[in-house]
Amino acid sequence: MSAHAPILAIAVPLLGGFATPLLAKLHKRIRDLWVLLIVLFVGVAVGYVAVHVFTQGIWVYVLGARHPQETVVSGGFPIRIMLVVDAMGAFMGVITALMALVAFPAALKYLPEEEGKTLALTLGSLLLAGIMGMAYTGDLFNFFVFLEVTSIAACALIGFRTWTSRAPEAAFKTMLLFSVSGLLFLLAVAFLYGEYGALNLAYVSVLLRGSAVDRLALALFLGALLMKAAAAPVHFWAPDAYGEAPAVKALLLVVNTQVSLYGLWRVLFTLYGGILDTTVGWLVVAMGLLTMVVAAFMALAQTDLGRLVAYGAVSQIGYMLLGVGVGLVTMSGRPDYGLVAMKGGIFHMLNDALTVGLLFLCVAAVELVKGTRDLRELGGLGHGLPEVALFFLVASLALAGIPPLNGFASKILIYEGSFRASPILAAVAVLTSILLLAVFARAFQGAFLGPRVNVEVRVPWPILVSMGVLAVGILILGLVPGFFVEAMVTPAAKALWLGRSLYLSAVLGG
Amino acid sequence: MIGNLPFVVCVILVALGLWTLVAKRNLIKLVIGIGLIESGVNLFLVSLGYVHGGIPPIYTYAPSGAPMVLPTPQALTLTSIVIGVATTALMLAFAVVIYRHKGTLDARKIRDLRG
């Protein structure tokens, strides 16, 4: 059983998701219990895989072979689909499982029964399966399939509230972007297949020669994954999507953008690691700066709390691109500050998931209580909802990178690494953080300060518990970041930055 | 020359699809644009696997030594078609819902979300 943990972490939410509507026919409680079991199972499986990978190295799991370790057929090339979990994949899996463990129990209380709760839970489970698949797979076409699974599940969740006029519009817009992104990715895979006749990521990586077709495919990969990760200038679907999806489910959408970024790292470092020059690295850095600045200014103009938080989330994508982009630029020389920037960018993925997740839960609570997210109508909620106000404050400060919270722990690494690459990069990143602080101070003031208003509806306790878990996580990661950086982030960064040959030899042998 | 014809058609299909996405404002036409790009990519995949003079890749019926077309791109295309059906259906469903709310399919008039 434990030998099959990687595939079970994908198969259980996939099949379990489809079984959810059937179990709901029996009884609602059985369905709720079932969903919780699925998420718990994924958590345990992901945790087991992570411990295994961090202690014993890359875990390769071959599907359809006589035994899961039979990676290559006679002749020395892989023909079967395989899951390849290295430290980075395991780290991505941990982030996903963590957010799922927080989001699903809250969703059970948050989603109203008459608004199709069963189907929302099903879609959430499918989205979870897709994200886990993207994080674990070692096959290019398989990655495309999981990419499309997440696209369909995510867009169905975004357009879930068909009785409002805004949700289907946001979903249509997002689906259009996701479809184009998926097709670009497929085209890139087709180019590589046409040239090398292989789909296995490690095998194609060995064969890559850097021809014109390879470069074209790289451009398509970059376009597809940046689009899906909501980097500027193709970020405009994200605020609509985050704003319209049931807020608890927006947590999974955040992880969805991060796993697209993870796919980008995988393509850049592992697939193209052998032939990449610094131009692509600087391109990623430029995209990062553009994303963080544009999104922060857009956040400044928002009057809807959900959209404001969504733009804050998009700007954090820019920090990850900046950190890892600096690592990419310096990959040939391997100075130590490159690894510092890489660590910052990757650590920020975890921190961003926690802070943005907490912010979206706060938005959900505010919407539940007041029925609106418009900052012009909100105000004075701090009296009735002191705990939500506190959580919102903690998350805003963490997102703006104020010590001693977790956002600071990762941003300081990004500042340090990018400063050594070029002081201008660090200056832009710091200034953007200050701007974000102003934006969120205004949002906090608009929603929670002001004259006392009556609050009739209580926030259900599972949502408060989920918020509390995230807030504690933010504090712990901020106060003692060293332990987590050493245990998980450094291996993950090294797996990308230095570990290409390990990845290739784990799959191909030798 | 004639062997390259499928690839020319792929380029035309993808270009037409992209042009549709950029130039058209009707939601149904946007979905058609996605469909065109998808057909182009699928055709590209199938064409990649063609071996000149190849026979269907069924080992039990093949005479020994005969060249076969590659089976993998066909499997990929089949998967991609299935995924395409799902995305198209979902997008059309959203278009129907939008039409019920707004009474129009013109993307310029459907602007609740901006900024």
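One can find the structure itself at the top, above this paragraph.
Being a predicted model, the structure only gives us computed values, none of them experimental.

Let us now look at the pairing of strand β1 (residues 59-62) of chain A. Residues and elements named next belong to chain A. Here β1 shows a buried face lined by Trp59 and Tyr61 and a second buried face lined by Val60 and Val62. With 4 bridges connecting them, β1 and strand β2 (residues 82-85) associate as antiparallel partners. Paired with Trp59 across the strands is Val85, a residue of β2.

The next point concerns unusual backbone geometry. All names here are of chain A. With omega at 5°, the peptide bond leading from Pro403 into Pro404 counts as cis. Mapped onto the secondary structure, Pro404 falls in the loop between α15 (386-400) and α16 (406-421). Unlike most non-glycine residues, Ala230 shows phi in positive territory, near 65°. Topologically, Ala230 is positioned in the loop between α8 (212-228) and α9 (237-244). The buried category is assigned to Ala230, whose relative accessible area is 1%.

The subject of this paragraph is the interface of chain B and chain A. One frequently used descriptor of interface size is the decrease in accessible area upon assembly of the parts. Taken together, the 35 residues of chain B in the interface contact 37 residues of chain A. Of the roughly 3000 Å² buried where chain B meets chain A, counting both sides, 82% is carbon and sulfur surface. Where chain B packs against chain A, one counts 1 salt bridge. Measuring nitrogen to oxygen at the nearest pair gives 3.4 Å for the salt bridge that ties Glu169 of chain A to Lys102 of chain B.

Moving on to the environment of Leu184 of chain A. Residues and elements named next belong to chain A. Position of Leu184 among the secondary structure elements: in helix α6 (residues 166-196). Sequence separation between Leu184 and Ala219 is 35 residues, and the spatial gap between their C-alpha atoms is 9.4 Å. Leave out the neighbours within four places in its chain, and Leu184 touches Leu220, Gly223 and Ala224.

Now for the packing of α8 of chain A against helix α11 (residues 278-300) of chain A. Residues and elements named next belong to chain A. Packing of α8 against α11 leaves a shortest axis separation of 13 Å and a crossing angle of 20°. The orientation of α8 with respect to α11, classified from their angle, is roughly parallel. Judged by the sense of rotation from one axis to the other, the crossing of α8 with α11 is right-handed. Here Leu218, Leu222 and Leu226 of α8 come into contact with α11, specifically with Val280, Leu283, Val284 and Met287.

This part is about a nonpolar patch on the surface. Residue and element names in this part refer to chain B. A contiguous nonpolar patch, built from Ile2, Leu5, Val8, Val9, Ile12, Leu16 and Trp19 and spanning about 670 Å² of accessible area, is present on the exposed surface. Of note, Ile12 is situated in helix α1 (residues 5-23). The class for Ile12 is partly exposed, based on a relative accessible area of 47%.

This brings us to α9 of chain A. Residues and elements named next belong to chain A. Burial within α9 is extensive, with 8 of its 8 residues counted as buried. All of the buried residues along α9 are Trp237, Ala238, Pro239, Asp240, Ala241, Tyr242, Gly243 and Glu244. Packing partners of the buried residues in α9 comprise α5 (140-158), α6, α8, α10 (250-271), α12 (305-329) and α13 (336-370).

Let us look at the pattern of salt bridges. Pairing between side chains of opposite charge can happen when the charged atoms of each approach one another. All names here are of chain A. Counted by the stated rule, this structure contains 10 salt bridges over all chains. With a shortest N-O distance of 3.9 Å, Lys117 and Asp32 are connected by a salt bridge. Of this pair, Lys117 sits in helix α4 (residues 117-136) while Asp32 sits in helix α2 (residues 28-56); the two residues are 85 residues apart in sequence, bridging distant segments of the chain. Pair check on accessibility: Lys117 and Asp32 agree, each one buried. Glu195 is paired through a salt bridge with Arg209; the nearest N and O atoms lie 2.7 Å apart. Residue Glu195 is found in helix α6, and its partner Arg209 is found in the loop between α7 (201-207) and α8; the two are separated by 14 residues along the sequence. Residue class for Glu195 comes out partly exposed when judged on its relative accessible area of 24%. Linked through salt bridges whose partners overlap, the residues forming this network are Arg31, Asp32 and Lys117.

The rules we used
Residues numbered from 1 in each chain as written. Chains lettered and ligands numbered in written order. Predicted model: local features only at pLDDT ≥ 70, side-chain atom pairs only at ≥ 80, totals over all residues. Heavy atoms only, no water. Buried < 20%, exposed > 50% of the residue type's maximum accessible area, 1.4 Å probe, protein only. Helix = DSSP H or I, 4+ residues; strand = E, 2+ residues; numbered from the N terminus. Pairing = 2+ DSSP bridges. Contact = heavy atoms within 4.5 Å. Buried area = accessible area lost by both parts, 1.4 Å probe. Salt bridge = Lys/Arg side-chain N within 4 Å of Asp/Glu carboxyl O. Axes fitted to C-alpha atoms, helices over the stretch in contact; angles between N-to-C directions. Parallel < 35°, antiparallel > 145°, perpendicular 65-115°, else oblique. Left-handed = near helix turned anticlockwise from the far one by under 90°. Patch = residues over 30% accessible without salt bridge, like charges linked within 9 Å, V, L, I, M, F, W, Y side chains within 5 Å. Areas by Shrake-Rupley, 256 points an atom, 1.4 Å probe, with all protein chains shown as cover.

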